[in-house]
Amino acid sequence: NLTTTGANVYINPTGVANVYIKGNITTTGNTSLGDDLLVAGNVKVTDTTQTTSNTTGAVVISGGVGIAKNVTIGGSVNVHGNLHANGNITSDGSLTFGDAATDNVVFAADVNSHIIPNTDDTYDLGSTGQQWRNLYLNGTANLDIVDIDGAVQIDAAVTVGVAGTGQDVIFYGDTSGKHLIWDQ
């Protein structure tokens, strides 16, 4: 046994020394190590101090952390820098990107799924002040209303309306109040 009270204990302070302990180590106060700490068993920290920044909490680490296996976190994760993943990222809940109009979401990859709104007829794609430039589609566009502010070029046959629905076709000209109605 080695017991000290109120004094420092130095083991081979000028050379290399190994201390092997089988059993528990209990300290009150700070414990400092000047080199690596190798632990063959589990390390359990029973302090429950909540973290409020990257410099507070039950465990504060000044350097980087390398972890060779999985990590399970029972609370929230707050990252004060960038977050990078070398593999896939999967979320089982909702995702919110950004908290202001000055934030951006940048896709450097292709979208490999449908983009479907959560609620029908509720969300817009762009706005009057922030419009998408070009739209490239290969398939059918199912639109309720089409409002075209510029020129239209159609390179194939056009079908307007459905037979027997009673819908008229109105053509407006350049002069205000002048139009042509086609009604059978």
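Residues numbered from 1 in each chain as written. Predicted model: local features only at pLDDT ≥ 70, side-chain atom pairs only at ≥ 80, totals over all residues. Heavy atoms only, no water.

Caption draft 1: Layout of the overall build of the protein chain. A tally of regular secondary structure across the protein chain gives zero helices and two strands. For the protein chain, the C-alpha radius of gyration of 34 Å lies well beyond 16 Å, the compact-globule estimate for 184 residues. The burial tally for the protein chain puts 1% of its 184 residues in the buried class. In the protein chain, the proportion of contacts linking residues at least 24 apart, taken out of those at least 6 apart, comes to 6%. Approximately 19900 Å² of the protein chain is accessible, and the part contributed by carbon and sulfur atoms is 49%. For the protein chain, the distance from the average site of its 5 positive side-chain charges to the average site of its 17 negative ones is 20 Å. (Helix = DSSP H or I, 4+ residues; strand = E, 2+ residues; numbered from the N terminus. Rg over C-alpha atoms; globule rule 2.2 N^0.38 Å. Buried < 20%, exposed > 50% of the residue type's maximum accessible area, 1.4 Å probe, protein only. Contact = heavy atoms within 4.5 Å. Areas by Shrake-Rupley, 256 points an atom, 1.4 Å probe, with all protein chains shown as cover. Lys, Arg positive; Asp, Glu negative; His and termini not counted. Charge placed at Lys NZ, Arg CZ, Asp CG, Glu CD.)

Caption draft 2: Structural context of unusual backbone geometry. Phi is positive for aspartate 121, close to 60°, though the residue is something other than glycine. Mapped onto the secondary structure, aspartate 121 falls in the segment before strand 1 (169-172).

Caption draft 3: Here's a closer look at the pairing of strand 1. With four bridges joining them, strand 1 and strand 2 (residues 179-182) adopt antiparallel strand pairing. The residue of strand 2 that forms the bridge with isoleucine 170 is isoleucine 181. (Pairing = 2+ DSSP bridges.)

Caption draft 4: Broad picture of the environment of alanine 101. Mapped onto the secondary structure, alanine 101 falls in the segment before strand 1. As a C-alpha pair, alanine 101 and glycine 74 span 27 residues in sequence and 31 Å in three-dimensional space.

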